[in-house]
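Next come the chains, spelled out residue by residue.
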Amino acid sequence: MKEQIIALLQKVRPALQADGGDVEFVNFDEATGVVTVKLKGACGSCPMATMTLKNGIERYLKEAIPQITSVEKA
């Protein structure tokens, strides 16, 4: 599962990098379905980071992998 999540994150990284940010996989808890990521660069301090995380990254990952329940910041 971890490899699949990392592969999906690789697909969203170019959009984040275009705005000076990035995302890094930290952990996946199979018991709870929670993915933990670290937002880096401009995304780490952006006031819109939570919206990017929930409406972008989380929605994308949950559509691809139904076992994911949430994506949280490290």
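See the structure above.
Residues numbered from 1 in each chain as written. Predicted model: local features only at pLDDT ≥ 70, side-chain atom pairs only at ≥ 80, totals over all residues. Heavy atoms only, no water.

Enquirer: Give me the lowdown on the packing of helix H1 (residues 2-18) against helix H3 (residues 49-64), citing residues and values where you can.
Expert: Remark: H1 packs on H3, axes separated minimally by 10 Å, with the N-to-C direction vectors making an angle of 140°. As H1 packs across H3, the resulting crossing turns out to be right-handed. Facing H1, whose interface residues are Gln4, Ile5, Leu8, Leu9, Lys11, Val12 and Leu16, H3 presents Thr52, Ile57, Tyr60, Leu61 and Ala64. Per-class residue counts for the contact of H1 with H3 are 9 nonpolar, 2 polar and 1 charged. (Axes fitted to C-alpha atoms, helices over the stretch in contact; angles between N-to-C directions. Helix = DSSP H or I, 4+ residues; strand = E, 2+ residues; numbered from the N terminus. Left-handed = near helix turned anticlockwise from the far one by under 90°. Contact = heavy atoms within 4.5 Å. Nonpolar A, V, L, I, M, F, W, Y, C, P; charged D, E, K, R; others polar.)

Enquirer: How would you sum up the pairing of strand E1 (residues 21-29)? Please name residues and give values.
Expert: In this sheet, strand E2 (residues 34-41) lies alongside E1 in antiparallel orientation, the contact comprising 8 bridges. From the neighbouring strand, aspartate 22 faces E2, where its bridge partner is lysine 40. A loop of 4 residues connects E1 with E2, the two strands running antiparallel in sequence, and glycine 33 in this loop sits at a positive phi of about 80°. (Pairing = 2+ DSSP bridges.)

Enquirer: Which residues make up the pattern of salt bridges, and what are the values?
Expert: Between side chains of opposite charge, a pair can form when the charged atoms approach closely. Under the definition given, this model contains 4 salt bridges. With a closest N to O distance of 3.0 Å, lysine 54 and glutamate 58 form a salt bridge. In this pair, lysine 54 and glutamate 58 are both assigned in helix H3, 4 residues apart and thus about one turn of the helix distant. Accessibility expressed as a relative area gives 27% for lysine 54, which makes it partly exposed. Judged by its relative accessible area of 11%, glutamate 58 is buried. Shared partners join several salt bridges into a network, and the residues in it are Lys54, Glu58 and Glu72. (Salt bridge = Lys/Arg side-chain N within 4 Å of Asp/Glu carboxyl O. Buried < 20%, exposed > 50% of the residue type's maximum accessible area, 1.4 Å probe, protein only.)

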